[in-house]
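# Chains, contacts and geometry: an overview
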Amino acid sequence: MVVGGGIVGLACARALLLRARSRGHSHLRLAVLEKESALASHQSHRNSGVIHAGIYYKPGSQRAQLCAQGARTMYEYCEKFNLPVKKVGQ
Ligand SMILES: Cc1cc2nc3c(=O)[nH]c(=O)nc-3n(C[C@H](O)[C@H](O)[C@H](O)COP(=O)(O)OP(=O)(O)OC[C@H]3O[C@@H](n4cnc5c(N)ncnc54)[C@H](O)[C@@H]3O)c2cc1C
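What comes next is a walk through the structure. (Residues numbered from 1 in each chain as written. Predicted model: local features only at pLDDT ≥ 70, side-chain atom pairs only at ≥ 80, totals over all residues. Heavy atoms only, no water.)

Right, let's talk about helix 1 (residues 7–22) for a bit. Note that an α-helix has 3.6 residues per turn; residues three or four places apart therefore point the same way. Spanning 16 residues, helix 1 covers 22 Å between terminal C-alpha atoms, matching the ideal 22 Å at 1.5 Å per step. Of the residues making up helix 1, those classed as buried are Gly 9, Ala 13 and Ala 20. For helix 1, the buried positions fall inside an angular range of 35 degrees around the axis, keeping them on one side. Those residues of helix 1 that are exposed and angled more than 90 degrees off the buried face are Ile 7, Val 8, Arg 19 and Ser 22. The first or second residue beyond helix 1 is Gly 24, which carries a positive phi of 80 degrees. (Helix = DSSP H or I, 4+ residues; strand = E, 2+ residues; numbered from the N terminus. Expected span 1.5 Å × (residues − 1). Buried < 20%, exposed > 50% of the residue type's maximum accessible area, 1.4 Å probe, protein only. Arc of directions from axis to C-beta.)

Given below as structure tokens:
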């Protein structure tokens, strides 16, 4: 069970299900427990929609590396599922 249906909880739930499926456990079910009546109604619903590049973090730090990796993954995901994304400042 994943508690919290924001972007982090939903991403974790998706990753867990994909991993289970890739290991032949497609019968496994996972519950997301969300206290509101709709998913992603807090921070995930109200953010600025920026895919951060990681330039504000100390160069080489784990935070900067994870942010840059996350940005790449997000762009790939958007491309794969044909989701609109704007790349600016490059
Ligand atoms: C104003 C603002 C602007 C932002 N802009 C950006 C941006 O441009 N780019 C970016 O990358 N990030 C941005 N962020 C940060 C980003 O939105 C958050 O890091 C992200 O949404 C956090 O996701 P989350 O799933 O952890 O939290 P949330 O989206 O808050 O989800 C948590 C969920 O858990 C549920 N919950 C809480 N307690 C319980 C409980 N006991 N039982 C069941 N459910 C529970 C809540 O109802 C909620 O749905 C911004 C944040 C803010 C506030």
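The structure having been displayed, the exposition proceeds.
Here we take up the pattern of salt bridges. Close approach of charged atoms lets side chains of opposite charge pair. Applying the stated criterion across every chain yields a total of 1 salt bridge. A salt bridge links Lys 35 to Glu 36, with the nearest nitrogen and oxygen atoms 2.9 Å apart. The exposure class of Lys 35 is exposed, given its relative accessible area of 71%. Classification of Glu 36 by relative accessible area gives partly exposed; the value is 31%. (Salt bridge = Lys/Arg side-chain N within 4 Å of Asp/Glu carboxyl O.)

This brings us to unusual backbone geometry. The backbone of Ala 40 shows a phi angle near 50 degrees, a positive value even though the residue is not glycine. Relative to the assigned elements, Ala 40 resides in the loop between strand 2 (32–33) and helix 2 (43–46). Look at Ala 40 and you get partly exposed, because its relative accessible area is 23%. Residues other than glycine seldom take positive phi values, yet Asn 82 does so here, at roughly 55 degrees. Mapped onto the elements, Asn 82 comes out in the segment after helix 3 (62–80). Here Asn 82 falls in the exposed class, since its relative accessible area comes to 70%.

We now examine the site of the ligand. Residues in close proximity to the ligand total 19 residues, the closest being Val 8, Glu 34, Ser 44, Ser 48 and Val 50. In this structure, an oxygen atom belonging to the ligand sits 2.6 Å away from a side-chain N or O atom of Glu 34. In the model, a nitrogen atom of the ligand is placed 2.7 Å from a nitrogen or oxygen of the Val 50 main chain. Relative to its unbound accessible area of 1,000 Å², the ligand is 61% covered by the protein chains. Considered class by class, the residues forming the shell around the ligand number 5 nonpolar, 10 polar and 4 charged. (Near = heavy atom within 4 Å. Polar contact = N/O pair within 3.5 Å; in protein donor to acceptor, adjacent residues only side chain to side chain. Areas by Shrake-Rupley, 256 points an atom, 1.4 Å probe, with all protein chains shown as cover. Nonpolar A, V, L, I, M, F, W, Y, C, P; charged D, E, K, R; others polar.)

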